[in-house]
Amino acid sequence: GKITIGQTIAQSGTLADYGNIGLAQGIYYETVNAAGGIKDSTGKTYTIENTLKDDAYDPAKTVPLVDELLDSEGSFAIQTLGSPNTMKVYDKLNQRCVPDPYVMSGHPAWGDPTNHPWVWGHQLAYTTEAILWGGLLEKKFADKPEITVAALIMQNDFGKAYELGFNEFIKTSKVKINFVFERIDPAAATITNQMTTLASNDLDVFMIMS
């Protein structure tokens, strides 16, 4: 038997490095297959077939690629990468009862077992992570009444979630935090202008929310 796992992931464009995650998973699946595959509760053996589709971290490309994996290739499970990308397809995946296990994104939307039980994340929610970062800053700068924190924020669902979490922390922080930031497009070739603008401030901390 065969278990097909489809995956949409950036293999080109400015975020092509993410594609290495899919390649590494493919190597792992090959290792599992070479060792005899996996057995179900009845003792039947299966090998894993991994199909990667390059969406270049573009949500508009993710949708037709997921449709292809669902309808043409009949994938048992589909993995997606990116908050905006997964947002475009997670309703459909749930309606079709196709698992999207360990979404490569920390958006808090994936923790919804009631409405979206077929999609779950594999990392800490960005909102939680931002609050933990804030707590670390609060400890580090406990002796300072005021600090300035700068950030590069990706202009998509990913960046918005992180920004929301950090702003919620600021409201209750024991240290006054001046938060300055620049937004960046995921497809931007460079971030020189944004970094120059942020560097013109008297910064205590620099964060990347992207």
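Since the model is a prediction, treat every value here as computed from it, not as a measurement.

**As for the packing of helix H4 (residues 126–140) against helix H5 (residues 157–172)**
One way to put it is that H4 packs onto H5 with a least axis distance of 7 Å and a crossing angle of 40 degrees. Accordingly, the angle class assigned to the pair H4 and H5 is oblique. Between H4 and H5 the crossing geometry is right-handed. Across the interface between the two elements, Tyr126, Thr127, Glu129, Ala130, Ile131, Trp133, Gly134, Gly135, Leu137 and Glu138 from H4 touch Phe158, Ala161, Tyr162, Gly165, Phe166, Phe169 and Thr172 from H5. The residue makeup of the contact of H4 with H5, split by class, is 10 nonpolar, five polar and two charged.

**Some points on the packing of aromatic side chains**
Under the counting rule described, the total for this entry stands at nine aromatic pairs. Ring centres of phenylalanine 166 and phenylalanine 179 lie 5.0 Å apart, and the angle between their planes is 65 degrees; on these two criteria the pair is classed as edge-to-face. Here phenylalanine 166, found in helix H5, pairs with phenylalanine 179, found in strand E8 (residues 176–184); they are 13 residues apart in sequence, far enough to count as distant. Pair check on accessibility: phenylalanine 166 and phenylalanine 179 agree, each one buried. By way of ring pairs, the aromatic residues Phe166, Phe169, Phe179 and Phe181 are connected into one cluster.

**A few points about the pattern of salt bridges**
Within the structure shown, the criterion is met by eight salt bridges. Notably, a salt bridge pairs lysine 53 with glutamate 73, separated by 2.9 Å at the nearest N-O pair. Within this pair, whereas lysine 53 is found in strand E3 (residues 45–54), its partner glutamate 73 is found in the loop between helix H2 (59–72) and strand E4 (77–80), the two being separated by 20 residues in sequence. Aspartate 67 is the partner of lysine 92 in a salt bridge, and the nearest nitrogen-oxygen pair spans 2.5 Å. One end of the pair, lysine 92, is in helix H3 (residues 83–95); the other, aspartate 67, is in helix H2, and 25 residues separate them in sequence. On the basis of relative accessible area, aspartate 67 is assigned to the partly exposed category, the value being 25%. Beyond isolated ion pairs, a larger network of salt bridges with shared partners links Lys53, Glu68 and Glu73.

**Regarding the sheet that holds strand E2 (residues 38–39)**
Strand order in the open sheet made by the four strands is E2-E3-E1-E4, with mixed pairing throughout. Two strands in the sheet have a free side with no partner beyond their single neighbour: E2 and E4. Pairing of E2 with E3, which is carried by two bridges, proceeds in the antiparallel orientation. Bridging across to E3, lysine 39 finds its partner in threonine 45. Sheet strands in contact with helix H1 (residues 19–34) are strand E1 (2–9), E2, E3 and E4, and its direction is about 165 degrees off that of E3.

**A closer look at the side chain of histidine 107**
Looking at the secondary structure, you find histidine 107 in the loop between strand E5 (100–103) and strand E6 (119–121). Assessed through its relative accessible area of 14%, histidine 107 is described here as buried. Here alanine 109 takes part through its backbone nitrogen, which lies 3.0 Å from a polar atom of the side chain of histidine 107. When near neighbours in sequence (up to four residues on either side) are disregarded, histidine 107 contacts Ser83, Met87, Tyr126, Asp157 and Ala161.

**Some remarks on the pairing of E1**
Taking burial as the measure, the eight residues of E1 include six buried ones, the bulk of the element. Looking at chain direction, E1 and E3 are connected through eight bridges and run parallel. Each residue of the ladder has a partner; that of isoleucine 5, found in E3, is asparagine 50. Pairing geometry for E1 and E4, over four bridges, is parallel. By the bridge assignment, threonine 8 is partnered in E4 with threonine 80.

Criteria and cut-off values
- Residue numbers here run from 1 along each chain, matching the order of that chain's written sequence.
- The predicted origin of the model limits local features to residues at a pLDDT of at least 70 and limits the giving and counting of side-chain atom pairs to 80 or more, whereas totals for whole chains, interfaces and linings rest on all residues.
- Calculation of side-chain values draws on the structure's entire complement of heavy atoms; hydrogens and water are dropped beforehand.
- Helix axes are fitted only over the stretch in contact, all axes being lines through C-alpha atoms; the angle between N-to-C directions runs from 0 to 180 degrees.
- Working definition: helices are DSSP H or I runs of at least four residues, strands are E runs of at least two. Numbering for both runs from the N terminus.
- In these notes the angle categories are as follows: under 35 degrees is roughly parallel, over 145 is roughly antiparallel, 65 to 115 is roughly perpendicular, and the rest is oblique.
- For any pair of crossing helices, the crossing counts as left-handed if the nearer helix is rotated counterclockwise from the farther one by less than a right angle, and right-handed if it is rotated clockwise.
- In this analysis, two residues are considered to be in contact whenever any of their non-hydrogen atoms come within 4.5 Å of each other.
- The residue classification treats Ala, Val, Leu, Ile, Met, Phe, Trp, Tyr, Cys and Pro as nonpolar and Asp, Glu, Lys and Arg as charged. All others, Gly included, are polar.
- Aromatic rings from Phe, Tyr and Trp, with only the six-membered ring used for Trp, were paired whenever their centres fell within 6.5 Å, and each pair was classed as stacked if the ring planes differed by under 30 degrees, edge-to-face if by over 60, and tilted otherwise.
- Exposed residues in this analysis have more than 50% of their type's maximum accessible area, buried residues have under 20%, and partly exposed residues fall in between, with area computed by a 1.4 Å probe over protein chains only.
- Whenever a carboxyl oxygen of Asp or Glu lies within 4 Å of a side-chain nitrogen of Lys or Arg, that contact is scored as a salt bridge.
- Strand pairing follows a simple DSSP-based rule, namely that at least 2 bridges must link the two strands.
- For the purposes of these results, a polar contact is taken to be a pair of N or O atoms within 3.5 Å, where, inside protein, one atom must be able to donate a hydrogen and its partner to accept one; residues adjacent in sequence count only when each atom of the pair is a side-chain atom.

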